[in-house]
Amino acid sequence: MSDSPDQAVAARDVRDEFRADLDAFEATERKLLIEDRRERARQLSERFSGLALRVGE
């Protein structure tokens, strides 16, 4: 039994909506990870601000 045209359109709409939701979720997740890394870098920078780094003497 094949799907009616209405069912095919509805399935395509659901797929498109799911993909859009997933893309939005992934974008939000990337943004939060970037913010988290920046905060961690800021904390480490404050913690080690008095240290002088020397490379390859």
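None of these values were measured; they are calculated from a predicted model.

A. Broad picture of the pattern of salt bridges. For the coordinates displayed, the defined rule picks out three salt bridges. Taking the shortest distance from any N to any O, the salt bridge between Asp23 and Arg19 comes out at 3.4 Å. You can see Asp23 and its partner Arg19 sitting in helix α1 (residues 5–47), four residues apart, about one turn around the helix. Among the residues examined, Asp23 registers a relative accessible area of 37% and is labelled partly exposed. Here Arg42 ties to Glu46 by a salt bridge, and the two come within 2.4 Å at their closest N and O atoms.

B. Summary view of a nonpolar patch on the surface. A grouping of Leu44, Phe48 and Leu51 is seen on the molecular surface, where their side chains present a nonpolar patch of about 270 Å² in accessible area. The partly exposed category is assigned to Leu44, whose relative accessible area is 31%.

Rules used in this analysis
- Residues numbered from 1 in each chain as written.
- Predicted model: local features only at pLDDT ≥ 70, side-chain atom pairs only at ≥ 80, totals over all residues.
- Heavy atoms only, no water.
- Salt bridge = Lys/Arg side-chain N within 4 Å of Asp/Glu carboxyl O.
- Helix = DSSP H or I, 4+ residues; strand = E, 2+ residues; numbered from the N terminus.
- Buried < 20%, exposed > 50% of the residue type's maximum accessible area, 1.4 Å probe, protein only.
- Patch = residues over 30% accessible without salt bridge, like charges linked within 9 Å, V, L, I, M, F, W, Y side chains within 5 Å.
- Areas by Shrake-Rupley, 256 points an atom, 1.4 Å probe, with all protein chains shown as cover.

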